[in-house]
Protein chains: 2
Amino acid sequence: MAAPEPHGDTRAPEGTSPLGDDLGFALGVVFRAYAKGAQAVIGKIPGGPRGYQILTAAASDEAGSQSSLAQRLGIDRTVMTYLLDDLERQDLVRREPDPADRRNRHIVATPRGREQLCDAEKQLRLVEDHILGGISAEDAGTLRDLLRRLAERLHGLDPTGNLCSAAAEAASPAAIGL
Amino acid sequence: MAAPEPHGDTRAPEGTSPLGDDLGFALGVVFRAYAKGAQAVIGKIPGGPRGYQILTAAASDEAGSQSSLAQRLGIDRTVMTYLLDDLERQDLVRREPDPADRRNRHIVATPRGREQLCDAEKQLRLVEDHILGGISAEDAGTLRDLLRRLAERLHGLDPTGNLCSAAAEAASPAAIGL
DNA sequence: TATTGTTATACTCTATAACTATA
DNA sequence: TATAGTTATAGAGTATAACAATA
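Now for a look at the structure at hand.

Calculation rules
Residues numbered from 1 in each chain as written. Chains lettered and ligands numbered in written order. Predicted model: local features only at pLDDT ≥ 70, side-chain atom pairs only at ≥ 80, totals over all residues. Heavy atoms only, no water. Helix = DSSP H or I, 4+ residues; strand = E, 2+ residues; numbered from the N terminus. Buried < 20%, exposed > 50% of the residue type's maximum accessible area, 1.4 Å probe, protein only. Contact = heavy atoms within 4.5 Å. Areas by Shrake-Rupley, 256 points an atom, 1.4 Å probe, with all protein chains shown as cover. Salt bridge = Lys/Arg side-chain N within 4 Å of Asp/Glu carboxyl O. Axes fitted to C-alpha atoms, helices over the stretch in contact; angles between N-to-C directions. Parallel < 35°, antiparallel > 145°, perpendicular 65-115°, else oblique. Nonpolar A, V, L, I, M, F, W, Y, C, P; charged D, E, K, R; others polar.

Points about the overall build of chain A
- Each helix and strand counted, chain A has 8 helices and 2 strands in total.
- Each helix and strand of chain A, ordered N terminal to C terminal, gives the series α-α-α-α-β-β-α-α-α-α.
- For chain A, buried positions account for 54% of its 178 residues.
- Relative to all contacts within chain A whose residues are 6 or more apart in sequence, the contacts with residues 24 or more apart total 57%.
- Carbon and sulfur atoms make up 49% of the accessible area of chain A, which totals about 7,700 Å².

Here it is, written out as structure tokens:
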């Protein structure tokens, strides 16, 4: 989503839940609530969720070159160029030359980038607490456990869904897709 | 969704999860898995998820006029026109004149529309089963229950508006505690 | 010739606004 | 004047393709 989110958010209706109150519906509501919260935090970073992903990778020195990073995050390499332009403009990451292969640009986080990332992570934890605020600590633990077990299995079945998409695509109306 | 989701064949880096294995990550993976399956089912309906929502409302005779339906679903009224054009073109819904107010168009589902909706619902149940396949029936029930409780609460934060507003509230910096 | 990164173009989706017809 | 619906225009976002530099 990059941009501060258009306003055309399509959500589920009131009494006419398309999926009734079944799993898909509840899952969607909870996910979108989390996604919205995450967006509020991550929206400040240029490129939104994807900027956050890039920043995370850069901060842990796992970013590598632009194209390898793009491939890993499922971002088009041409889009990666624009995203990095924006991040670099705000001094959150830097493109450094690779002595070994001068075609490559190595992506690294600046001190300012690390700082901003750290802040975002803290705030994301608060969002999480807010979402889980409706149930007991014990139930919250159960939920985490169940979701993690499902996620592990699903991830093994189809590694296509990269994690960022999780918090990340949250913001993208397109990705919400239902 | 909208677009059949790019080619994101992205392998999620195991140890580098931006959010670790916390809630947001697991939630995102599970949601995305469901969304992907749902997309396969609903993608056949013109307008995708929104077409499905419209069809659902129309089939239960709760659609009403175009603009009231649009408002309820959080869809722009101009977009509603296009969506209905597509749905009508495939004989899934009809626009019927309202004798009381000739400005209004009452949206109703055609037999073909009801049939297609019924098929989609059946298939969505299969998707759900697939997602929950990794855990026991008892755990699945627990998960459903917990998610429903969270969803109800999140939804209840703003009973007047649609889910969009509810989620937005969760996203507000104040709610997050900033 | 293949690959990294950049730039230019076209396409999709959506919102804004202007328009018609009813009220 | 206000509202329901339609149509036209413009914008954001993204993918496709053409390009430059390096291998």
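Describing the pattern of salt bridges
- Per the counting criterion, the structure on display carries 18 salt bridges over all chains.
- Note that Arg103(A) is salt-bridged to Asp101(A), the shortest N-O span being 3.0 Å.
- Given a relative accessible area of 70%, Arg103(A) falls into the exposed group.
- For the salt bridge of Arg95(B) with Asp85(B), the shortest nitrogen-to-oxygen distance reads 2.2 Å. With Arg95(B) in strand E1 (residues 93–97) and Asp85(B) in helix H4 (residues 77–89), this residue pair connects regions lying 10 residues apart in the sequence.
- Look at the salt bridges and you will find they share partners, linking Asp139(A), Asp145(B), Arg148(B) and Arg149(B) into a network.

Let's talk about the environment of Val108(B)
Residue and element names in this part refer to chain B.
- Take Val 108: it is sitting in strand E2 (residues 105–109).
- Taking C-alpha positions, Val 108 is 7.1 Å from Ala 63, a pair spaced 45 residues apart along the chain.
- The residues contacting Val 108, other than those within four sequence positions of it, are Ala 58, Asp 61, Leu 92, Val 93, Arg 94 and Glu 96.

Comments concerning the packing of helix H3 (residues 66–73) of chain B against H4(B)
All names here are of chain B.
- Where H3 meets H4, the closest approach of the two axes is 9 Å, and the angle between their N-to-C directions is 110°. On the basis of the axis angle, H3 is roughly perpendicular to H4. Across the interface between the two elements, Gln 66, Leu 69 and Ala 70 of H3 pack against Arg 77, Met 80, Thr 81 and Leu 84 of H4.
- Partitioning the contact of H3 with H4 into residue classes produces 4 nonpolar, 2 polar and 1 charged.

Section: the environment of Gly113(A)
All names here are of chain A.
- Within the fold, Gly 113 resides in helix H5 (residues 111–131).
- The class for Gly 113 is buried, based on a relative accessible area of 0%.
- Considering only alpha carbons, one finds Gly 113 and Leu 87, 26 residues apart in sequence, at a separation of 8.7 Å.
- Leave out the neighbours within four places in its chain, and Gly 113 touches Leu 55, Asp 91 and Leu 92.

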